[in-house]
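The lines below spell out each chain.
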There are 4 protein chains.
Amino acid sequence: MTNKREAAKQVKRKRILDESIKLFSTNGYTETTIQMVANAAGISFGSVFTYFETKETLLEATVMEPLEEVREQLMIINYETEDVTEELKNLIQRNIRLFSTSKIYLQLVQQIISRPDRHPKLLMSLDAFFTDFVNHLIPLIEKGQKEGKLKIQDPELVATAYFSFLNGIRLTMGLEEDHIWWEKFIDSAYLLFGPID
Amino acid sequence: MTNKREAAKQVKRKRILDESIKLFSTNGYTETTIQMVANAAGISFGSVFTYFETKETLLEATVMEPLEEVREQLMIINYETEDVTEELKNLIQRNIRLFSTSKIYLQLVQQIISRPDRHPKLLMSLDAFFTDFVNHLIPLIEKGQKEGKLKIQDPELVATAYFSFLNGIRLTMGLEEDHIWWEKFIDSAYLLFGPID
Amino acid sequence: MTNKREAAKQVKRKRILDESIKLFSTNGYTETTIQMVANAAGISFGSVFTYFETKETLLEATVMEPLEEVREQLMIINYETEDVTEELKNLIQRNIRLFSTSKIYLQLVQQIISRPDRHPKLLMSLDAFFTDFVNHLIPLIEKGQKEGKLKIQDPELVATAYFSFLNGIRLTMGLEEDHIWWEKFIDSAYLLFGPID
Amino acid sequence: MTNKREAAKQVKRKRILDESIKLFSTNGYTETTIQMVANAAGISFGSVFTYFETKETLLEATVMEPLEEVREQLMIINYETEDVTEELKNLIQRNIRLFSTSKIYLQLVQQIISRPDRHPKLLMSLDAFFTDFVNHLIPLIEKGQKEGKLKIQDPELVATAYFSFLNGIRLTMGLEEDHIWWEKFIDSAYLLFGPID
DNA sequence: TATGAATGAGAATTCATTCAT
DNA sequence: GATGAATGAATTCTCATTCAT
């Protein structure tokens, strides 16, 4: 009984969130109206407020909830690998594919980052995410450097550069038509780690 | 006479533009009001319309005019150099310094890029700028590759990757405190070109 | 069985009413929401509608039901008294105490009276109450005048003046801190009846 | 030039204020919409905000500005009078006439007082006004008592009682039709001062 | 040219009421 | 009987743009 109702609620909530990603991403936060979200989700205007107290709250959920999914996929690293080079290339490929298939969501994230003063709460979360990512990558880089597979560089710098590169491509590929190019950037990304031969 | 008057006009126009960059960059287009611009520029809000027909027009000028300055500085390349490696490193350093000192303006540009559907006219211009930049860089990369100083890669890809990297750092450094880090990325950027030895 | 259930209902109904007095009195009719009443009464907001059809109905009950209690206490007059002066002073004392202890309720009543066009039904009831009060008082005043204890004045005028005075104090004491002052007004009120010596 | 424009502004502002008194008084603050005010004043909705920043600001002006006029008229007292009794009667008559002709405004004031927590700023001002009024009246009462014309009572209490009485009549006369009665209350009010003979 | 008053479309949010569970 | 999700009318306030002075 209650479960059924609760389930229905969750479904509806998810629908709102899904449509919000698209709308916020395309139109920006300010220029997306609650009415638009409601229409897209097939519910009445007032109902959006049943699920999200304010527009700001909705944005927060819209940004934060998918972030956890991204985190899960982005943080998969096999530190025990025999072949660091191989692991690194695989990791880059996974990351680039993730970025290339999350265009809409990432566009939204970049809007948030481009307005750092506006959504401070979100910015802090995104910043923490970034730090996490960098810290996850460092051990692998260190391993590669120890094994003489990678040039000696500050691992934090390398990880930061790599993450920046991923984001930068997303930004630039928003300008250009996005195509198979994405895959080509795997090699470029790899270079940032300073592979030796 | 007329010259004096004309000069005064240009000064005022410039003041509006300068304040617009800051305001649009910080508050975003929609959340910056003409009133705010007028206040910042020390004129009445009605006067803004004397210099710019609409808010959109103002944004266009705000984005496009500094772009020319950026272009000038970004496009300086000495193709005749004896030492491609040296020239490349100098170029990267100049570029990174330019990016690190243009934070406010670039934040504005990224807002535009994060909303590709919104300001199509501006997007086209920025896209053209990007293409220009890439095309300017290609000959130097080709020269380096021919001389055996750089790994053989698609020059367009390399140039694109490099430009993306610059933009990506700007994005990420907006998250992190911006500091001497910028300089450190010179080496990372250089790696993207695939230097041999 | 049914009695028990019925009793439980009455208890809940009373709880709603009690909380409504406080909330309507403090926040006004429009700015009190059914949700607030429900929260205060510890029930779900949907349940309020089980007990009161509409918000207006709730207000009516909130104003009218305590009025009967006030009526009972306000209308106690011993017409057969030997000493009119004594009876009058006692009556004033009882009335003033009642008013001083019913601040919250009276504040609500004054809100109703201050918006005569808004709740016409309630206003009629309050008006009838006022007329009743005046009519109840007249015989005592007449008796006092006949016995030469009170100055000859239109008894209806005197009663009206007295009732107005009570209400006026409530209003003014809302401004000032309410304290022992209330008791002091007994003498002032007495003067309105025109005591001789 | 500027004067003409400034004058026109003041006229329009006054029109808004005049209509606001009526509307707020009749419909209450919450149930008066800016649209209603705009319509009544014959201007567009948005223009109200040209003259008053917020609805709350408008209310404040609506309550406070007429208060100064009331103050002027209410505070006229000739302390040097030969005949305190006469002066007192005249004063009461003036006050009662003022109250009887300011019904609409006073109804608004009473709404404010009936919601003490809502408009704290206004309440403080009204409270200060009340204190002023009482303090102005005290010397005359003291004089009357010294001259043996008035019964010895705490002058502050008497003044407070008198002011409360005036307000109470306004409240009660809101219930009853307002008529010549007002004038009749002059004698009742006079009694509050405790005249001897 | 400069100013700022006037306008009104548009947006977020609130809330009484209804009604399915 | 109790609950709370759904609805949409209603309201305040914002702001680009126009235009008279």
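Criteria and cut-off values
Residues numbered from 1 in each chain as written. Chains lettered and ligands numbered in written order. Predicted model: local features only at pLDDT ≥ 70, side-chain atom pairs only at ≥ 80, totals over all residues. Heavy atoms only, no water. Axes fitted to C-alpha atoms, helices over the stretch in contact; angles between N-to-C directions. Helix = DSSP H or I, 4+ residues; strand = E, 2+ residues; numbered from the N terminus. Parallel < 35°, antiparallel > 145°, perpendicular 65-115°, else oblique. Left-handed = near helix turned anticlockwise from the far one by under 90°. Contact = heavy atoms within 4.5 Å. Nonpolar A, V, L, I, M, F, W, Y, C, P; charged D, E, K, R; others polar. UniProt positions renumbered as here; feature names shortened; annotations may be inferred. Buried area = accessible area lost by both parts, 1.4 Å probe. Salt bridge = Lys/Arg side-chain N within 4 Å of Asp/Glu carboxyl O. Polar contact = N/O pair within 3.5 Å; in protein donor to acceptor, adjacent residues only side chain to side chain. Near = heavy atom within 4 Å. Domains from an automatic or database assignment.

Draft legend 1. Structural context of the packing of helix 5 (residues 84-101) of chain B against helix 7 (residues 120-146) of chain B. Residues and elements named next belong to chain B. Interaxial distance between helix 5 and helix 7 falls to 9 Å at its minimum, and their mutual angle equals 150 degrees. Classified by the angle between their axes, helix 5 and helix 7 sit roughly antiparallel to one another. Seen along the crossing, helix 5 lies across helix 7 with a hand that is left-handed. Of the residues in helix 7, those in contact with V84, E87, L88, L91 and N95 of helix 5 are F133, L137, L140, K143 and G144. A breakdown of the residues in the contact of helix 5 with helix 7 according to their chemical character gives six nonpolar, two polar and two charged.

Draft legend 2. Spotlight on the UniProt feature "domain: HTH tetR-type" (unreviewed entry) in chain A. When the UniProt feature table is mapped to this numbering, "domain: HTH tetR-type" (unreviewed entry) covers residues 10-70 of chain A. Span residues 10-70 of chain A is 80% helix and 0% strand, its end C-alpha atoms 21 Å apart.

Draft legend 3. Structural detail: the UniProt feature "DNA-binding region" (unreviewed entry) in chain A. As annotated in UniProt, the feature "DNA-binding region" (unreviewed entry) corresponds to residues 33-52 of chain A in the numbering used here. Helix makes up 75% of residues 33-52 of chain A and strand 0%. Its end C-alpha atoms lie 14 Å apart.

Draft legend 4. View of the interface of chain D and chain C. Listed by partner, the interface residues are 43 residues for chain D and 43 residues for chain C. In this assembly, chain D packs against chain C so that about 4000 Å² is buried in total across both faces, 65% of it on carbon and sulfur atoms. Between the two partners, chain D and chain C, sit four salt bridges. Salt-bridge contacts for R115 of chain C lead to E31 of chain D; the nearest nitrogen and oxygen are separated by 3.3 Å. Our count for the chain D to chain C interface comes out at 15 residue pairs in polar contact (both at pLDDT 80 or more). At 14 residues, the largest contribution of residues to the side of chain D that touches chain C is made by helix 8 (residues 155-175) of chain D.

Draft legend 5. Representation of the protein's contact with DNA strand F in the model. Lining the immediate environment of DNA strand F, one finds 32 residues, of which K12 and S47 of chain A, K12 and S47 of chain C together with F45 of chain D sit closest. Within 4 Å of the protein, the contacting atoms of DNA strand F are 68% sugar and phosphate, with bases supplying the remainder. The side chain of K12 of chain A places a nitrogen or oxygen atom 2.4 Å from a phosphate oxygen of DNA strand F. Within the backbone of T32 of chain B, one N or O atom sits 3.5 Å away from a phosphate oxygen of DNA strand F. A class-by-class count of the residues in the surface near DNA strand F yields eleven nonpolar, 14 polar and seven charged.

Draft legend 6. Inspection of the domain arrangement of chain A at higher detail. Residues and elements named next belong to chain A. Per the domain assignment, the segments of chain A are domain 1 (1-52) and domain 2 (55-192). Spacing between the C-alpha centres of domain 1 and domain 2 amounts to 28 Å. Listed per partner, the contact involves 17 residues of domain 1 and 16 residues of domain 2. Buried surface at the junction of domain 1 and domain 2, summed over both partners, amounts to about 1400 Å²; 67% is from carbon and sulfur atoms. Between the two partners, domain 1 and domain 2, sit one salt bridge.

Draft legend 7. Quick look at the protein's contact with DNA strand E. In the vicinity of DNA strand E there are 32 residues, among which F45 of chain A, S47 of chain B together with K12, S47 and Y51 of chain D approach most closely. What you see for DNA strand E is that sugar and phosphate hold 69% of its atoms within 4 Å of the protein. Residue assignment for the surface near DNA strand E shows that the elements contributing at least two residues are helix 3 (45-51) of chain A, helix 1 (2-27) and helix 3 (45-51) of chain B, helix 3 (45-51) of chain C together with helix 1 (2-27) and helix 3 (45-51) of chain D. Residues belonging to the surface near DNA strand E are distributed by class as follows: eleven nonpolar, 14 polar and seven charged.

Draft legend 8. Seen up close, the interface of chain A and chain B. The interface is formed by 43 residues belonging to chain A together with 43 residues belonging to chain B. Each partner contributes to the roughly 3900 Å² buried at the junction of chain A and chain B, and carbon and sulfur atoms together form 65% of this total. Counting across the interface, chain A meets chain B through four salt bridges. Its salt-bridge partner being R118 of chain A, residue E31 of chain B comes within 2.0 Å of it at the nearest N-O pair. Remark: the boundary between chain A and chain B carries 15 residue pairs in polar contact (both at pLDDT 80 or more). Among the secondary structure elements, those contributing two or more residues to the side of chain A that touches chain B are helix 1 (2-27), helix 6 (103-113), helix 7 (120-146), helix 8 (155-175) and helix 9 (181-192) of chain A. Among the elements that take part in the side of chain A that touches chain B, helix 8 of chain A stands out by supplying 14 residues, more than any other.

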